[in-house]
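Chain by chain, the residues:
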Amino acid sequence: MIPTVHPARRTCRHRRGAIALALVLALLLLELAIVASVVGGTRRHDLTGARINSMRSFYASEAGINMGVRELMNNQDEDGDGTIGAVSDNGNSLDDPGAGQGTAFVVSKTQQGNRRTLRSVATSNSTVRYIEVVIE
């Protein structure tokens, strides 16, 4: 004689399988949502770091321009690089001044007649910014 399974028991097994499958799918969706939020947060963190470095290099470049203009106004070579208006424009990156937080800048000066151009180049990590000022 072949044993027969009561129809109610067969339905219970199917329900258990469906519930297990639904639970696995719910956990998979939850895991995907967590991974997406972590990856998105990392991207925002990287972007914030790049913006901070950009601002640091901009302000360092601006500080360099201010130092160059001060040298021109006082008619003195205050940093000892041999050029009034230029700041650490000697090709040695070891003595470049900085504005804190790992930034460094160099100001170069060119002159054509009574027109002087100061160009400040500043770096902060991988970010480079420059400002150019023309003084007549």
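> What exactly am I supposed to notice about the environment of Ser 37 here?
Position of Ser 37 among the secondary structure elements: in helix α1 (residues 7–74). Using a relative accessible area of 44% as the deciding quantity, one classes Ser 37 as partly exposed. At 2.8 Å, the side chain of Ser 37 forms a polar contact with the backbone oxygen of Ile 34.

> Hey, could you run me through the pairing of strand β2 (residues 115–124) in this one?
Along any regular strand, the residues point their side chains to alternate faces of the sheet. For strand β1 (residues 103–112) and β2, the ladder comprises 10 bridges, and the chain directions are antiparallel. Across the sheet, Ala 104 pairs through a bridge with Thr 123, a residue of β2. Counting the residues that bridge the hairpin from β1 to β2 gives two residues, and of these Gly 113 lies at a positive phi of roughly 65°. Bridge count between β2 and strand β3 (residues 127–135): nine bridges; the pairing is antiparallel. Along β3, the bridge assignment pairs Thr 123 with Val 128. In textbook terms, the turn of a hairpin is the stretch between consecutive antiparallel strands, and for β2 and β3 this stretch comprises two residues, one of which, Asn 125, has a positive phi near 55°.

> Even after reading the chapter, I still don't get a nonpolar patch on the surface, so can you show me in this structure?
Among the surface-exposed residues, Leu 21, Leu 25, Leu 28, Leu 29 and Leu 32 lie close enough to one another that they form a single nonpolar patch of about 510 Å² accessible area. The residue Leu 21 is located in helix α1 in this model. The exposure class assigned to Leu 21 is exposed, which follows from its relative accessible area of 54%.

Cut-offs applied
Residues numbered from 1 in each chain as written. Predicted model: local features only at pLDDT ≥ 70, side-chain atom pairs only at ≥ 80, totals over all residues. Heavy atoms only, no water. Helix = DSSP H or I, 4+ residues; strand = E, 2+ residues; numbered from the N terminus. Buried < 20%, exposed > 50% of the residue type's maximum accessible area, 1.4 Å probe, protein only. Polar contact = N/O pair within 3.5 Å; in protein donor to acceptor, adjacent residues only side chain to side chain. Pairing = 2+ DSSP bridges. Patch = residues over 30% accessible without salt bridge, like charges linked within 9 Å, V, L, I, M, F, W, Y side chains within 5 Å. Areas by Shrake-Rupley, 256 points an atom, 1.4 Å probe, with all protein chains shown as cover. Salt bridge = Lys/Arg side-chain N within 4 Å of Asp/Glu carboxyl O.

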